Amino acid sequence: ELVLGTVRGGISARKSGDTMVGGIIQPPYKLLLGGGDGHQEPYALWSSPMAPNSSTPSQVEMLETTATCGRTPADGCLFNIWEDEGEHHNLASSQTELFRELLARADVLQQSVYSPRRSRGGADEMFQALCSTHGTTFHGGHFHWGPFLA
């Protein structure tokens, strides 16, 4: 089982939103849950085997190309990634029991997801807050704090 993460509120909330389960891969199936408003997921497009190339959309076009990956079989996103590597055939409405099982699993996993305190200010403020939480002192500079494992 592989759990996929995303940010509640979608890509626009990546600096302040809470971490959420954005999907699960339980071979051969993959469930996706949209994190944006209306369960929207950006970058919902297929690239050519050789990408990027002259047909590759701009960054803005990719962000605006969304798919709804909701919480019901009618608007959910479920794929058999062994038989459909490109995720062209959505099985959510035809495999409703499997969709609901994977959704229930995502809900259980969501209860233990760690959501780091994301900074609403600059990096220095974030690191100062992290250090004070852990009883250390931040002296400025650049470093990596992570990974966030439980």
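Residues numbered from 1 in each chain as written. Predicted model: local features only at pLDDT ≥ 70, side-chain atom pairs only at ≥ 80, totals over all residues. Heavy atoms only, no water.

Peer 1: Kindly report on helix α2 (residues 96-110), identifying the contributing residues and their values.
Peer 2: Structural remark: α-helix, 3.6 residues per turn; residues separated by three or four positions point the same way. The end-to-end C-alpha distance of α2, which contains 15 residues, comes to 21 Å, matching closely the 21 Å that a straight helix rising 1.5 Å per residue would cover. What α2 keeps buried is the set Leu-98, Phe-99, Leu-102, Leu-103, Ala-106 and Leu-109. Looking straight down α2, one finds that the buried residues subtend no more than 135° of arc, so they occupy a single side. In α2, the exposed residues that point more than 90 degrees away from the buried face are Glu-97 and Arg-100. Lining the buried residues of α2 we find β1 (2-7), β2 (19-26), β3 (29-32) and β6 (77-80). (Helix = DSSP H or I, 4+ residues; strand = E, 2+ residues; numbered from the N terminus. Expected span 1.5 Å × (residues − 1). Buried < 20%, exposed > 50% of the residue type's maximum accessible area, 1.4 Å probe, protein only. Arc of directions from axis to C-beta. Contact = heavy atoms within 4.5 Å.)

Peer 1: I'd like to hear about the state of the cysteines, residue by residue, with values.
Peer 2: This model, assessed by the stated rule, comprises 1 disulfide. Each sulfur in the disulfide pair Cys-69 and Cys-77 lies 2.2 Å from the other. Linking Cys-69 and Cys-77, the disulfide has an S-S dihedral of approximately -85° and is accordingly described as left-handed. Judged by its relative accessible area of 4%, Cys-69 is buried. Judged by relative accessible area, which is 4%, Cys-77 ranks as buried. (Disulfide = S-S within 2.5 Å.)

Peer 1: So what's going on with the side chain of Glu-87? Residues and values would help.
Peer 2: Mapped onto the secondary structure, Glu-87 falls in the loop between β6 and α2. A polar contact of 2.7 Å, which involves the side chain of Glu-87, links it to the side chain of Lys-30. Contact partners of Glu-87, with chain neighbours within four places excluded, come to Lys-30, Leu-32, Trp-46, Phe-79 and Ile-81. (Polar contact = N/O pair within 3.5 Å; in protein donor to acceptor, adjacent residues only side chain to side chain.)

Peer 1: Please set out the confidence of the model for the protein chain residue by residue, giving values where relevant.
Peer 2: Looking at the protein chain, pLDDT values average 81 and 75% of them are 70 or higher. Low confidence marks residues 141-150, where pLDDT is under 50. Its contacts with residues over four positions away, or in another chain, come to 9 contacts. (pLDDT = per-residue confidence, 0-100.)

Peer 1: I'd like a description of the sheet that holds β6, backed by residues and values.
Peer 2: Read across the open sheet, the 4 strands follow the order β1-β2-β3-β6; overall the sheet is antiparallel. The sheet terminates laterally at β1 and β6, the two strands that pair on one side only. Averaged over all pairs of adjacent strands, the angle between strand axes in this sheet comes to 20°, irrespective of strand direction. Bridge count between β3 and β6: 4 bridges; the pairing is antiparallel. The partner of Lys-30 across the bridge, within β6, is Phe-79. (Pairing = 2+ DSSP bridges. Axes fitted to C-alpha atoms, helices over the stretch in contact; angles between N-to-C directions.)

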